[in-house]
There are 2 protein chains.
Amino acid sequence: MLKFFDTPPSILSYAAIGGSSEGEGPLGNHFDDINEDEYFGKTTYEQAESELQRQTAALACEKAKLDSSDIDLIIGGDLLNQCVATSFGHRDSATSILGIYSACSTFTEGLLLAGMFCSFGVTQKTLAVTSSHFYSAERQYRMPIEYGGQRAPTTQRTATAAGAVIVTPKEKAPYIRGFKIGRIVDMGVTDAANMGAAMAPAAYDTLSSFFNESGMSPESFDHIVTGDLGQIGSQLLYKLFERDGVDISSRHLDCGCMLYDPERQDVHSGGSGCGCAASVSCAYLLPKLERGEIKNILLAATGALMSPTLTQQGESIPSISHAVWLSHDA
Amino acid sequence: MLKFFDTPPSILSYAAIGGSSEGEGPLGNHFDDINEDEYFGKTTYEQAESELQRQTAALACEKAKLDSSDIDLIIGGDLLNQCVATSFGHRDSATSILGIYSACSTFTEGLLLAGMFCSFGVTQKTLAVTSSHFYSAERQYRMPIEYGGQRAPTTQRTATAAGAVIVTPKEKAPYIRGFKIGRIVDMGVTDAANMGAAMAPAAYDTLSSFFNESGMSPESFDHIVTGDLGQIGSQLLYKLFERDGVDISSRHLDCGCMLYDPERQDVHSGGSGCGCAASVSCAYLLPKLERGEIKNILLAATGALMSPTLTQQGESIPSISHAVWLSHDA
């Protein structure tokens, strides 16, 4: 499902907040705020992630000199059971809200829906936000971190980070030019400690369909950006494109590979989580697009649609990728 | 966030499938299919719910004489951790898919988004589907059913049911005339065994805002339909409206109260779950609207945005309600 907007909506404002590990990474200085307290002043990790998401949404408003009452719709999501970081993060908000879920591809689902609401004039200012938190994710998906379990080399570190954008009808750069809604791809990977391998075919499916259906090519973009394939998933993506005689490696970036320094930080295959693509986009990519340092990116966040319950039942990992074309020009 | 469509999209087709308890209820004969096997031919309850959702989506296509390849977008949601009934239910589909989550209000979120995609011509045939399953919900939210735990009189029974609609640009009755996206309301209810009480204020907030902002009144509708407030939540809703001097009781229906017979079935306060409002709408309300036996309903599905993790941390239950105006006339 490919759509180019006749009247591309604008990203008016954006904000990214991270935790201490994200602050120590290569993009640390680009974040709007780094919070060294993994609890964000709260008493549980789930409350911490809710607070992280709340603060990030508030900061996106503040940067645009908007009051929360200026926002007519929030579209939010996260990885927690029943998406509670979103529900509890905006519990005190008086704004209409839609919950969305596409695992770590949720950020681009939010971007494309916010773009639709604004391009068609249904809303004037829509805030899209996603978050993830290393500690809330570890105890939900794997083990309480206190167990000190050994992690496989293929694993990724769930980012303690959130990104928020405020989308408006066409106004100024950067613009959301179009999107491709992904379909579920399941190549039978059952190793929940190797999500990059599970997600790479979904990223390939969405990106190659985007190029085929749009008539555009990888060369149309400064960067093809995936969400959180990590080192292993990125290599698999290159191999999948190589079968078509296409080399995307020179212009490919992966948010999961950008967020941490593998030499200095113990993150194995890279970063992941709803907050990974969101924070790297809001901290690093959108400022470059706004200033015109890069003109066009195709952002394909990637999600592993697994649950621990179904992994324990031996199921493979269905994956998905939603892509959004972001541009300096309308 | 209130929106009336300039060109109201149509609901081209709809289908509802239920389990044995739903088949024994007052609406049993209205369902397209009742499956006596709680496993739906699979080996786990989570797989069963995925299969239920898959079958219901397929049946909605079949009733419209459409092939699954005619559908250009699926919008789906459920209550399971990481929304896996949706992801696994459509794992073998080649159709683009967006995951959504608003607890038991997910059906109306799907309806309004599908309406937007079709009204603005972004898609031609969008399928919106939600499901729930008594046994998958019990072991996730409460206890494995084998424990035989006693249930409080305020509890509701999660429906084993799914409803699917296929939305198209304006074509024929019934039509989606407009919608109101709800905001989160949390009145401090911490009893996860009394979700009707937690959700009633959210239904009141959305419905009363709809009337205030639209200039319409309860008399504009044949029925004001809530999702799953149950007996207790419905009484609370009447009390909240009474403060405004408004009596909605004569035209109010609640899907949770309609799905089971409290005299014959041990469902305490009524039914609940993403599949409750979805199946009652698709089995009973949409046919009446299509035939013109009723002209207008305001369907306000209701969701308790709780998770067991946060309930165990002593948190109260944020709730939400998204309303959709469905009509025989465009």
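Draft legend 1. A look at the overall build of chain A. Helix and strand counts for chain A stand at 10 helices and 14 strands. Relative to a compact globule of 330 residues, whose C-alpha radius of gyration would be 20 Å, chain A shows 18 Å and is just as compact. Along the three orthogonal principal directions, the C-alpha set of chain A runs to about 50 × 50 × 35 Å. For chain A, with 330 residues in total, the buried portion stands at 65%. When contacts within chain A are restricted to residue pairs at least 6 apart in sequence, those whose partners lie at least 24 apart make up 79%.

Draft legend 2. Broad picture of helix H4 (residues 106-119) of chain B. All names here are of chain B. Across its 14 residues, H4 extends 20 Å between first and last C-alpha, which sits within 8% of the 20 Å expected from 1.5 Å per residue. For H4, the tally of buried residues reaches 14 of 14 residues, placing the bulk of the element in the interior. Gly121 sits one or two residues past H4 and shows a positive phi near 75°.

Draft legend 3. Structural context of the interface of chain B and chain A. At the interface, 44 residues of chain B touch 43 residues of chain A. Those elements that provide at least two residues to the side of chain B that touches chain A are helix H3 (84-89), strand E5 (97-99), H4 and helix H10 (308-312) of chain B. The residue makeup of the side of chain B that touches chain A, split by class, is 21 nonpolar, 15 polar and 8 charged.

Draft legend 4. Spatial organisation of the relation of the copies chain B and chain A. Once turned by 180° and shifted 0.0 Å along the axis, chain B lies on chain A with an RMSD of 0.0 Å. This pairing of chains is accounted for by a two-fold axis. Within chain B, the C-alpha atom positioned nearest to the axis of rotation is that of B:Ile100, 2.0 Å from it. Taken together, the interface assignments show that 98% of the residues at the interface of chain B recur at the interface of chain A, consistent with an identical surface on both copies.

Draft legend 5. A look at the domain arrangement of chain A. Residue and element names in this part refer to chain A. Each domain of chain A was delimited in the assignment, giving domain 1 (6-168) and domain 2 (175-327). Spacing between the C-alpha centres of domain 1 and domain 2 amounts to 18 Å. In this assembly, 50 residues from domain 1 lie in contact with 52 residues from domain 2. If you list the elements that add at least two residues to the side of domain 1 that touches domain 2, you get strand E2 (10-18), helix H1 (20-24), helix H4 (106-119), strand E6 (126-132), helix H5 (134-141), strand E7 (157-158) and strand E8 (161-168). Ranked by the residues each element gives to the side of domain 1 that touches domain 2, the list is headed by H4, at 7 residues.

Draft legend 6. Fine view of helix H9 (residues 274-291) of chain A. Residue and element names in this part refer to chain A. Its 18 residues place the ends of H9 25 Å apart at the C-alpha level, agreeing with the 26 Å of an ideal helix rising 1.5 Å per residue. Where H9 bends most, at Ser281, the angle is about 45°. Counted residue by residue, H9 has 14 buried out of 18 residues, so it is predominantly covered. Of the residues flanking the end of H9, it is Gly292, one or two places downstream, whose phi is positive at about 85°.

Draft legend 7. Up close: the nonpolar core. In this structure, A:Ala164 and B:Ala164 are the most contacted members of the largest nonpolar core, which totals 234 residues. Residues contacting B:Ala164, with those up to four places away along its chain left out, are B:Tyr14, B:Ala15, B:Thr56, B:Ala57, B:Ala60, B:Leu127, B:Ala128, B:Val129 and B:Cys282.

Draft legend 8. Local environment of the environment of B:Gly178. Residues and elements named next belong to chain B. Relative to the helices and strands, Gly178 resides in strand E9 (residues 175-180). Along the chain, Gly178 and Thr7 lie 171 residues apart, while their C-alpha atoms are 9.9 Å from each other. Not counting residues within four places of it along the chain, the set of residues in contact with Gly178 comprises Lys3, Phe4, Phe5 and Trp325.

Draft legend 9. Representation of the pairing of strand E13 (residues 296-304) of chain A. Residues and elements named next belong to chain A. Taking burial as the measure, the 9 residues of E13 include 8 buried ones, the bulk of the element. As defined by bridge partners, strand E10 (residues 223-226) adjoins E13 across 4 bridges and the pair is classed as parallel. Counterpart to Val225 in the pairing with E13 is Leu299.

Draft legend 10. Quick peek at the pairing of strand E8 (residues 161-168) of chain B. Residue and element names in this part refer to chain B. Counted residue by residue, E8 has 7 buried out of 8 residues, so it is predominantly covered. Looking at chain direction, strand E2 (residues 10-18) and E8 are connected through 8 bridges and run antiparallel. Its bridge partner lying in E8, Ser13 is registered against Ile166. Where strand E6 (residues 126-132) meets E8, 7 bridges bridge the pair, whose relative direction is antiparallel. The partner of Thr126 across the bridge, within E8, is Val167.

Draft legend 11. Looking closely at unusual backbone geometry. All names here are of chain A. Note the cis peptide between Ala173 and Pro174, where omega equals 0°. By the element assignment, Pro174 lies in the loop between E8 and strand E9 (175-180). You will see that Lys65, though not glycine, has its phi angle at about 55°, which is positive. Among the structural elements, Lys65 can be located in the loop between helix H2 (45-63) and strand E4 (73-77). Its 8 C-beta neighbours within 10 Å are what place Lys65 among the exposed residues.

Draft legend 12. Spotlight on the packing of helix H2 (residues 45-63) of chain B against helix H5 (residues 134-141) of chain B. Residue and element names in this part refer to chain B. Two numbers describe how H2 lies on H5: the axes approach to 8 Å, and their chain directions differ by 135°. The angle between H2 and H5 falls in the class oblique. Helix-helix and strand crossings are classified by hand; for H2 and H5 the assignment is left-handed. Residues Tyr45, Glu46 and Glu49 of H2 form the contact with H5, whose participating residues are Tyr135, Ser136 and Arg139. Within the contact of H2 with H5, the residues separate by chemical class into 2 nonpolar, 1 polar and 3 charged.

Draft legend 13. Just the confidence of the model for chain A, in detail. Summarising the model, chain A shows a mean pLDDT of 97, and 100% of its residues fall at 70 or more. Prediction confidence for the complex, expressed as pTM and ipTM, is 0.98 and 0.98 respectively.

Draft legend 14. Layout of the packing of helix H6 (residues 195-214) of chain B against helix H7 (residues 230-242) of chain B. All names here are of chain B. Where H6 contacts H7, the axes come no closer than 8 Å and their chain directions differ by 40°. Judged by the inter-axis angle, H6 sits oblique to H7. Along this stretch, H6 crosses H7, giving a crossing that reads as right-handed. Two secondary-structure elements touch here, H6 through Gly196, Ala197, Met199, Ala200, Pro201, Ala203 and Tyr204 and H7 through Gly230, Ile232, Gly233, Leu236, Leu237, Leu240 and Phe241. Looking at the contact of H6 with H7 residue by residue, the class counts come to 11 nonpolar, 3 polar and no charged.

Draft legend 15. Quick look at the environment of A:Tyr175. Residue and element names in this part refer to chain A. Relative to the elements of secondary structure, Tyr175 occurs in strand E9. You can call Tyr175 buried: it has 25 C-beta atoms within 10 Å. In this structure the C-alpha to C-alpha distance between Tyr175 and Phe4, which are 171 residues apart in sequence, comes to 12 Å. Ignoring any residue separated from it by four or fewer positions in sequence, one finds Tyr175 in contact with Pro8, Pro9, Ser10, Ser327 and Ala330.

Draft legend 16. Geometry of the environment of A:Ile166. Residues and elements named next belong to chain A. Tracing the chain through its elements places Ile166 in strand E8. In this structure, the C-alpha to C-alpha distance between Ile166 and Ile317, residues 151 residues apart in sequence, is 32 Å. Sequence-distant contacts of Ile166, that is, excluding residues within four places in its chain, are made with Leu12, Ser13, Ala60, Cys61, Ala64, Leu66, Lys125 and Leu127.

Criteria and cut-off values
- Residues numbered from 1 in each chain as written.
- Chains lettered and ligands numbered in written order.
- Predicted model: local features only at pLDDT ≥ 70, side-chain atom pairs only at ≥ 80, totals over all residues.
- Helix = DSSP H or I, 4+ residues; strand = E, 2+ residues; numbered from the N terminus.
- Rg over C-alpha atoms; globule rule 2.2 N^0.38 Å.
- Buried ≥ 20, exposed ≤ 12 C-beta atoms within 10 Å, placed from the backbone.
- Contact = placed C-beta atoms within 7 Å.
- Expected span 1.5 Å × (residues − 1).
- Nonpolar A, V, L, I, M, F, W, Y, C, P; charged D, E, K, R; others polar.
- Least-squares fit on C-alpha atoms with pLDDT ≥ 70 in both.
- Domains from an automatic or database assignment.
- Bend = angle between axes of the 7 residues up to and from the residue.
- Core = buried A, V, L, I, M, F, W, Y, C linked by C-beta atoms within 7 Å.
- Pairing = 2+ DSSP bridges.
- Axes fitted to C-alpha atoms, helices over the stretch in contact; angles between N-to-C directions.
- Parallel < 35°, antiparallel > 145°, perpendicular 65-115°, else oblique.
- Left-handed = near helix turned anticlockwise from the far one by under 90°.
- pLDDT = per-residue confidence, 0-100.

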